[in-house]
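# Report on the structure
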Amino acid sequence: MPKTPPHVYEPLPSGVRAFAERHMPAHVVAAELAMQFAARELHRPVNPLSVEDMGDREDVLVMHRRADKTISSNPERMGSHLRSLA
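What counts, and where the lines are drawn
Residues numbered from 1 in each chain as written. Predicted model: local features only at pLDDT ≥ 70, side-chain atom pairs only at ≥ 80, totals over all residues. Heavy atoms only, no water. Helix = DSSP H or I, 4+ residues; strand = E, 2+ residues; numbered from the N terminus. Buried < 20%, exposed > 50% of the residue type's maximum accessible area, 1.4 Å probe, protein only. Polar contact = N/O pair within 3.5 Å; in protein donor to acceptor, adjacent residues only side chain to side chain. Expected span 1.5 Å × (residues − 1). Salt bridge = Lys/Arg side-chain N within 4 Å of Asp/Glu carboxyl O. Patch = residues over 30% accessible without salt bridge, like charges linked within 9 Å, V, L, I, M, F, W, Y side chains within 5 Å. Areas by Shrake-Rupley, 256 points an atom, 1.4 Å probe, with all protein chains shown as cover. Lys, Arg positive; Asp, Glu negative; His and termini not counted. Charge placed at Lys NZ, Arg CZ, Asp CG, Glu CD. Contact = heavy atoms within 4.5 Å.

## Here's the deal with the environment of R44
- Its location among the elements puts R44 in the loop between α2 (26–42) and α3 (51–73).
- Looking at R44, the relative accessible area reads 36%, which means it is partly exposed.
- Once the C-alpha coordinates of R44 and R57 are considered, the two residues, 13 residues apart in sequence, prove to be 9.5 Å apart.
- At 3.1 Å, the side chain of R44 and the side chain of E41 are in polar contact.

## Structural notes on α3
- Between the first and last C-alpha of α3 there are 33 Å, a value that for 23 residues agrees with the 33 Å anticipated at 1.5 Å per step.
- Within the sequence span of α3, burial applies to V60, H64, A67 and I71.

## Examining the pattern of salt bridges
- The final tally for this structure, using the stated rule, is three salt bridges.
- Taking the shortest distance from any N to any O, the salt bridge between R17 and E21 comes out at 3.8 Å. One end of the pair is R17 and the other is E21, both in helix α1 (residues 14–22) and four residues apart, which spans about a single turn.
- For E21, a relative accessible area of 31% puts it in the partly exposed group.
- Residue E41 pairs with R44 through a salt bridge whose shortest N-O separation is 3.1 Å.
- The structure contains a network of salt bridges with shared partners spanning R17, E21 and E32.

## A look at a negative patch on the surface
- The grouping of E52, D56, E58 and D59 at the surface amounts to a negative patch.
- The topology assignment puts D59 in helix α3.

## Looking at the side chain of N74
- Note that N74 resides in the segment after α3.
- Setting aside residues no more than four positions away along its own chain, N74 makes contact with M24, P25 and V28.

So this is what it looks like as structure tokens:
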């Protein structure tokens, strides 16, 4: 059975990204930034015994879900492939 190669996302050139951001609503651009911040924070190592770290992680997950909902509601979202944290 042939294997399908994984889809590789090419990074957007900065000019294209800036053009897309100028035409996006402000709340969608803010949600994109929040999504990128949440992705960075979720990949940070966490001490499983620290209650504060686990609470911070839950706050970041809430931020990620809220931003995902905002981005998904916009039909012309910029980086929809960035929504996956896997």
